[in-house]
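Reading the structure
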Amino acid sequence: METAYIGLGSNLDDPRAQVRAALHALAALPRSRVVRHSRLYRSAPWGRRDQPEFVNAAAMLETALAPRELLDALLAIERNAGRARDGTRWGPRVLDLDVLLYGSRVVDESGLRVPHPHLAERAFVLLPLAEIAPEVQVPGLARVDALLARIDASACVALEPDPALAE
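Below is a short write-up of the structure. Computed from a prediction, not measured in an experiment: that's the story for all the values here.

Re the overall build of the chain
For the chain, the helix and strand inventory stands at four helices and eight strands. In the chain, the succession of helices and strands from N to C terminus is β-α-β-β-β-α-β-β-β-α-α-β. Relative to the globule expectation of 15 Å for 167 residues, the C-alpha radius of gyration of the chain, 15 Å, shows essentially globular dimensions. For the chain, the C-alpha atoms occupy an extent of roughly 35 × 35 × 35 Å along the three principal directions.

A short note on the nonpolar core
Counting 28 residues, the largest nonpolar core has Ile-6, Leu-8, Leu-26, Leu-70 and Leu-97 as the members making the most contacts within it. Looking at this core, the elements with two or more residues in it are strand S1 (2-10), helix H1 (15-27), strand S4 (54-63), helix H2 (67-81), strand S5 (96-102) and strand S7 (112-114). Among the elements that line this core, the one with the most residues is H2, at five residues. Those residues in contact with Leu-8 that lie beyond four places of it in its chain are Val-19, Ala-22, Leu-23, Leu-26, Val-55, Asn-56, Ala-57, Ala-58, Ala-59, Asp-96 and Leu-97.

Section: H2
Here H2 contains 15 residues, and its C-alpha end-to-end distance of 21 Å stays within 8% of the 21 Å for a straight helix at 1.5 Å per residue. Residues Pro-67, Leu-70, Leu-71, Ala-73, Leu-74, Ile-77 and Glu-78 constitute the buried set of H2. Viewed end-on, H2 has its buried residues packed into an arc of 160 degrees, placing them on one side of the element. In this structure, H2 carries Arg-79 and Asn-80 as exposed residues pointing more than 90 degrees from its buried face.

Description of the pairing of S1
Across the nine residues that make up S1, a large majority, seven, are buried. In the sheet, S1 pairs with S5 via six bridges, with the strands oriented antiparallel. Each residue of the ladder has a partner; that of Leu-8, found in S5, is Leu-97.

Comments concerning the layout of surface pockets
Of the pockets and cavities examined, the second largest pocket occupies roughly 210 Å³. Residue lining of the second largest pocket: 13 residues in total, with Trp-46, Ala-123, Phe-124, Asp-152 and Ala-155 positioned closest to the centre. Tallied by class, the residues present in the lining of the second largest pocket amount to eight nonpolar, one polar and four charged.

Things to note about the pattern of salt bridges
Enumeration over the complete set of coordinates arrives at eight salt bridges. The closest approach of N and O atoms between Arg-39 and Glu-131, which form a salt bridge, is 3.2 Å. Taken together, the residues Arg-39 in the loop between strand S2 (32-37) and strand S3 (41-43) and Glu-131 in helix H3 (residues 123-132) connect sequence positions 92 residues apart. Here Glu-131 falls in the partly exposed class, since its relative accessible area comes to 32%.

Thresholds, definitions, all that
- Residues numbered from 1 in each chain as written.
- Predicted model: local features only at pLDDT ≥ 70, side-chain atom pairs only at ≥ 80, totals over all residues.
- Heavy atoms only, no water.
- Helix = DSSP H or I, 4+ residues; strand = E, 2+ residues; numbered from the N terminus.
- Rg over C-alpha atoms; globule rule 2.2 N^0.38 Å.
- Core = buried A, V, L, I, M, F, W, Y, C linked by side-chain atoms within 4.5 Å.
- Buried < 20%, exposed > 50% of the residue type's maximum accessible area, 1.4 Å probe, protein only.
- Contact = heavy atoms within 4.5 Å.
- Expected span 1.5 Å × (residues − 1).
- Arc of directions from axis to C-beta.
- Pairing = 2+ DSSP bridges.
- 1 Å grid on protein atoms, 1.4 Å probe; cavity = no way out; pocket = protein on both sides within 12 Å on 5 of 7 lines; lining within 4 Å.
- Points joined across faces, edges and corners; volume = space filled by probe spheres on them.
- Nonpolar A, V, L, I, M, F, W, Y, C, P; charged D, E, K, R; others polar.
- Salt bridge = Lys/Arg side-chain N within 4 Å of Asp/Glu carboxyl O.

Written out as structure tokens, the structure is:
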């Protein structure tokens, strides 16, 4: 089993419900289990500002799925939620699931880069990730908590606890 960290985000079609449903779908992945997940966070869009705010979270999985198998499973969850990948970068989306970290591995394949290439720049990734794994070392960079300390996270705000996500 390997520990993987997944970033979750949505800004369309009831984003809170989309992230909640995605967390439940992660829990149903074969040969995997959700160990913990963060609270939900509201954040401004990144890259393109002309879209609704996002709801984001992070989840820690123990998985026997290889990195590519895990990515394929995440893409299937996105498709089941209604996401159509049309090549638009940083645009609005029903659901976005990213492999942020996969153990201490560095993966650089077509369509799969781990650690996630923008992880260290994004408060909406680092804040929820730091909530569940502040001490985790990001290969080639630093610990999650140290990366978070380097950026402005003031535009990323924890939402009220969600009873539907109680563990």
